[in-house]
Structures are given as C-alpha cells and as structure tokens.
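A closer look at the structure
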Amino acid sequence: MNDDSTGASRGGRPPGGPLRDRFADEPHAVMERINASIGFDRRLYAHDIEASRAHCDMLVARRIIPEADGREILKGLDKIEEEIASGAFAFSPALEDIHMHVEARLTELVGDAGGRLHTARSRNDQVATDLRLWVRDAIDETRAALASLQETLLTRAGEHAATIMPGFTHLQSAQPVTLGHHLLAYFEMFDRDRSRLADCRRRLNRCPLGSGALAGTSIPIDRDMTAEALGFDGPTANSMDAVSDRDFAVEFLACLSLVAVHLSRIAEEIVLWSTAQFGFVSLPDALATGSSMMPQKRNPDAAELVRGKAGRVVGALNALLILLKGLPLTYSKDMQEDKEPVFDAADSVSLCVAAVTAMVADMTVHAAAMEDAAGRGHATATDLAEWLVKELSMPFREAHRTTARIVRLADSKGVAIGDLSLDEMRGIEPGIAAEAIDALGVRDSVSSRASHGGAAPERVRRAVDEARRRLAET
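All values reported here derive from a predicted model rather than from experimental measurement.

Scanning the entire structure with this criterion turns up 4 aromatic pairs. A ring pair is formed by F89 and F91, whose centres lie 4.9 Å apart and whose planes are at 50°; its orientation type is tilted. Judged by relative accessible area, F91 falls into the partly exposed class, the value being 25%. Seen in terms of ring centroids, F278 and F280 are 5.2 Å apart; in terms of plane orientation they differ by 80°. Their pairing is edge-to-face. F278 gets classed as partly exposed once you look at its relative accessible area, which sits at 24%. The exposure class of F280 is buried, given its relative accessible area of 2%. Among the aromatic residues, those joined into a cluster by ring pairs are F168, F278 and F280. Here the basic side chain of R43 rests over the ring of F343, its NZ or CZ set 4.8 Å away from the ring centre.

This is how it looks when you write it as structure tokens:
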C-alpha cells in the first residue's frame, strides 16, 4: 500500500492506473508483482468499506462533498460489498491493494462522485484504520473461542474433581493431584490470555482515519465523528504516529503467541497421556489418524499439529518485530508485509483453539490407570514429611532428611514407602505412629491438600464454581 496524497481525485482518468500520473513508463512486470498486496489484503474489504462509509458520512455532514454525491457513494459501496461477498468482484494485481480496488470500482459505478471519497484521507491512514478494525474483530473472536475452551475445561474439571492422577515436576512423579485440578491450571492460563487480549483491544481502539499521509489535512474534517461511527474511543493523537504505528499488531501477535504456547502445552500433555506408556486418555477415532504402514497406530495428530503451529505463531511475532525495527517515521512500503503474519497467526490460533476444545471435550479418561500411576515413585513422601512436622513438631528440613532415609530404605527393598512396616519406619524415626502410614494413600494425600488453590476434590469443586462466575463476568 503506497504513500498517497490526500485531497479529491483529479479529473481525467479515473483512479486505478494505478496512480502513475507522474511516471512516463508503465511498471515493470516484476514491480507489479512485488508491489501488489491484493492477494492477501482483500481480507480487509469489509473493514475498508465500513471505514469508507463513516468517512463519507463525515464529509457530507461537514459539507465537504455534496449530499447527493454522498448518497451515490454509499449506494456504490453497498454494491461493491455485495459483489466481493458473493465472489463476483474482479481483482487485479494492477490495482495493487483493496483500497484502490474499492475506489476504482466505485468510480465505475457512480462516476465523478466516487472520486470525492478520497478527500482528506490517504491509503496510509486507510490501511492503519482497516487493520485496527480487523484486529479488533479478531480479538473478539479469539476471546469468544477461548471462553468456549474454558467452559469445556470447567465441565471436564467438574466431572473429574476427584479423579486421582500423578502430578509431575521434571516429568517425574511428584505428588498426587486430581485431573480436575490439572485442567483448572489451563483454565487459568487461558483466562490470562483473554485478559491480555482485552488490554490489547483497549489500547488499539483509537482511530487513525483523518491523519492523511502523515501530516493531517487542511480540509475541515471531524475526526471525532468518524471515530465514534467506527466504534473507537476517539481519534489518534498524532498523525505521524497514527500512520506508522503497528504496536497494536505486535501486541496482538504477542498475545496470540502466549495463547499458542499454552495450547501447545496442553496438546503435549494429551500426546503423552494418550501413549500406551501412560494410558491416561484415549482420543476418539474422529480426532486421531492412522499410519500408512503400521495398522495398529492411532496417532494424536491434532495435538501434534497444535504443538507444531505454536512455532508458526511465534514466528509471525518475530517477523513483525524485525520488520519494524529499522523503519524511520512514517510509512514505508515494508509495512505492507505486516498483514500476512497477522492473518496467518490469527487463523492458526483459531484452528488450534477449536482442535484443543474438541480433544478436551471428547477424550476418554482412564481413571484407574491415572490413580495407579499416582501412587508410583513414592509420590506421597511429602505427606510423611508434613506428618512429622505436624505431629512431632520436627523442623521441616529434619523431616525432609528423615523421609529421604525412609525412601532409600523402601528403594532398597523394592517397595513403596507405604508398604514398609511400622517397625521398619521406626527404625529410622521412633516417633512415627500408625496414622503416618495411613496418610500415605493417594486419596488421603489429595484430600489433605485443602489450602486455597490446592488439589483436594472439595477445593477443586469450589474452584470450578468460582471460575464459572469469573468467566461469566468477562
């Protein structure tokens, strides 16, 4: 999208030559190909037309263009929107971008009145406005999709508030938790994602339209009117910043990158849990694929692709940051390259959210396998250490050393610590009572974790209810 002057279109040839009045030669074929953005920025058509309607209404209200011309322009814009939506619109690389396509077709439809629409605006402030409108809509759609994923997580967390499973650190068995508690951790991640997206939306919600190419305009426009018509909180404060700013797009991609990372983490868990070695969950046939050679395979490809697309989204963020890092004010043609990463990342995240929502909703949980695994690896050793603290008033570091000695004894005998006899434990710490062994069962362990944010089933059920209230409010 090229730098382009403000003011009404000149007489003579209609716009869409495109804008080569000061050049003697036609563009080289390579120049036409590298310069055109219509292959991807056509996605902005509805936003470009929406902004054009608001601009037209303002020009009429300010008596900058005749009311009759305004009516013709609006009718023409309706027709163009209908043509593009139906697939009947003819796109051409010669017209470079969506703005010139709309303007050229408008002039074909309504004649000289179409040339008046570009009064007091540039393609520079047009594209800045259009992209903000597009990102704003994408934020709303992403937040809604994440809310649906969160609802699914809450449903499954409620179902499995008491389903025991191992909790891991370093991917080693650490302490028993419940599947409900585990799923609620992802609810919190996605809740932060939705909050970040809302913050991004608030910051981007200023309207660049009327900033012109970079310096504003001498024509007496009303920028507050167009900003209000387009649902912005007001106009941008500085015309140079307005046309050169892509912070909102960077911030959007940063938010999406975190969403993608969180999606990738739960996808990796599903990959692990669905292996024969874990056997915690099974995905339905509709969400698995087979092998071209091995007939027994049921591959969790949806989860693996979610994991893989995270790199693509993070790459989009890096691409835009690198694009902007050396650009002086204000507009440079490099900025045409801002849209493809934004579009691609938004598309990728949308698909991945849908895939993870489907997998979480439809996976079969093998509760017995989870509970069996939860007791392995001396996962309740911390419970013994805490019993020593609570019942014998032992300093925690001493309790930790004592329990570690008991773990070593169990390892030497090839048994779990809960399978040691009371006499064997008392050989290391004489004060240990029978109740200490009773506390080493995985269900007792989980039930004891009743602190705020803990894994106890009753605490998880309350957390699900509270999370539902929070989600309804945001």
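Here we take up unusual backbone geometry. The omega angle of the peptide bond from L329 to T330 is 10°, so this bond is cis rather than trans. Residue placement: T330 occurs in the loop between α12 (301–324) and α13 (339–362). Although it is not a glycine, H170 sits at a positive phi angle of roughly 60°. Position of H170 relative to the elements: it lies in the loop between β1 (164–169) and β2 (172–178). Non-glycine residue S393 carries a positive phi angle of around 55°.

Considering all chains together, one arrives at 30 salt bridges under this definition. Residue R470 pairs with E188 through a salt bridge whose shortest N-O separation is 2.9 Å. Note that R470 is positioned in helix α20 (residues 457–473) and E188 in helix α8 (residues 179–204), a separation of 282 residues in sequence. By relative accessible area, R470 is classed as partly exposed at 25%. As a salt-bridge pair, R246 and D338 come within 2.7 Å of each other at their nearest N and O atoms. With R246 in the loop between α10 (239–244) and α11 (247–273) and D338 in the loop between α12 and α13, the pair connects residues that are 92 residues apart, well separated along the chain.

So, about the side chain of D125. Topologically, D125 is positioned in helix α7 (residues 123–159). Despite its burial, D125 pairs with no opposite charge, the nearest such side chain being R121 at 6.2 Å. Here S122 takes part through its backbone nitrogen, which lies 2.7 Å from a polar atom of the side chain of D125.

Taken together, the side chains of L214, M240 and L329 define a hydrophobic patch exposed on the protein surface, amounting to about 270 Å² of accessible area. Relative to the helices and strands, L214 is located in the loop between α8 and α9 (223–229).

Turning next to the confidence of the model for the protein. Considering every residue of the protein, the mean pLDDT works out to 93; 95% of them sit at 70 or more. Note that pLDDT drops below 50 for residues 4–16; the model gives that stretch 33 contacts with residues more than four away or on any other chain.

Across 6 bridges, β1 lies against β2 in antiparallel orientation. Its bridge partner being in β2, G167 is matched across the sheet by Q175. Where β1 folds back on β2, the antiparallel hairpin that results is connected by 2 residues, among which H170 adopts a positive phi of roughly 60°.

Right, let's get into the nonpolar core. Within the largest apolar cluster, 92 residues are counted, with the highest numbers of intra-cluster contacts made by W134, V135, F252, L263 and M359. Each residue touching L263, except ones within four places of it in the same chain, is listed here: L149, F190, V306, V349, C352, V353 and V356. Counting 19 residues, the second largest nonpolar core, distinct from the first, contains W387, V407, I428 and A436.

To continue, consider the environment of V243. On the secondary structure map, V243 appears in helix α10. A sequence separation of 19 residues divides V243 from H262, and the C-alpha atoms of the two residues are 33 Å apart. Beyond its immediate stretch of four places on either side in the chain, V243 contacts N124, D125, A128, S211, G212, A213, L214, T330, Y331 and M335.

Two elements in contact, α11 and α13, have axes whose closest approach is 10 Å; the angle formed by their N-to-C orientations is 30°. Classified by the angle their axes make, α11 and α13 are roughly parallel. In the crossing of α11 with α13, the sense of the turn from one axis to the other is left-handed. Two secondary-structure elements touch here, α11 through A249, F252, L253, L256, V259, L263, I266 and I270 and α13 through P341, V342, A345, A346, V349, C352, V353, V356, M359 and V360.

With that out of the way, let us pick up helix α3 (residues 45–61). Taking 1.5 Å per residue as the helical rise, α3 with its 17 residues ought to reach 24 Å, and the 24 Å between its terminal C-alpha atoms agrees with that figure. All of the buried residues along α3 are H47, D48, I49, A51, S52, A54, H55, C56, M58 and L59. In the core, the buried residues of α3 are packed alongside α4 (67–86), α5 (98–110), α7 and α9. At the exit of α3 stands R63, carrying a positive phi of roughly 60°.

Cut-offs applied
- Residues numbered from 1 in each chain as written.
- Predicted model: local features only at pLDDT ≥ 70, side-chain atom pairs only at ≥ 80, totals over all residues.
- Heavy atoms only, no water.
- Phe/Tyr/Trp six-rings, centres within 6.5 Å; stacked < 30°, edge-to-face > 60°.
- Buried < 20%, exposed > 50% of the residue type's maximum accessible area, 1.4 Å probe, protein only.
- Lys NZ or Arg CZ within 6 Å of the ring centre and 35° of its normal.
- Helix = DSSP H or I, 4+ residues; strand = E, 2+ residues; numbered from the N terminus.
- Salt bridge = Lys/Arg side-chain N within 4 Å of Asp/Glu carboxyl O.
- Lys, Arg positive; Asp, Glu negative; His and termini not counted.
- Polar contact = N/O pair within 3.5 Å; in protein donor to acceptor, adjacent residues only side chain to side chain.
- Patch = residues over 30% accessible without salt bridge, like charges linked within 9 Å, V, L, I, M, F, W, Y side chains within 5 Å.
- Areas by Shrake-Rupley, 256 points an atom, 1.4 Å probe, with all protein chains shown as cover.
- pLDDT = per-residue confidence, 0-100.
- Contact = heavy atoms within 4.5 Å.
- Pairing = 2+ DSSP bridges.
- Core = buried A, V, L, I, M, F, W, Y, C linked by side-chain atoms within 4.5 Å.
- Axes fitted to C-alpha atoms, helices over the stretch in contact; angles between N-to-C directions.
- Parallel < 35°, antiparallel > 145°, perpendicular 65-115°, else oblique.
- Left-handed = near helix turned anticlockwise from the far one by under 90°.
- Expected span 1.5 Å × (residues − 1).

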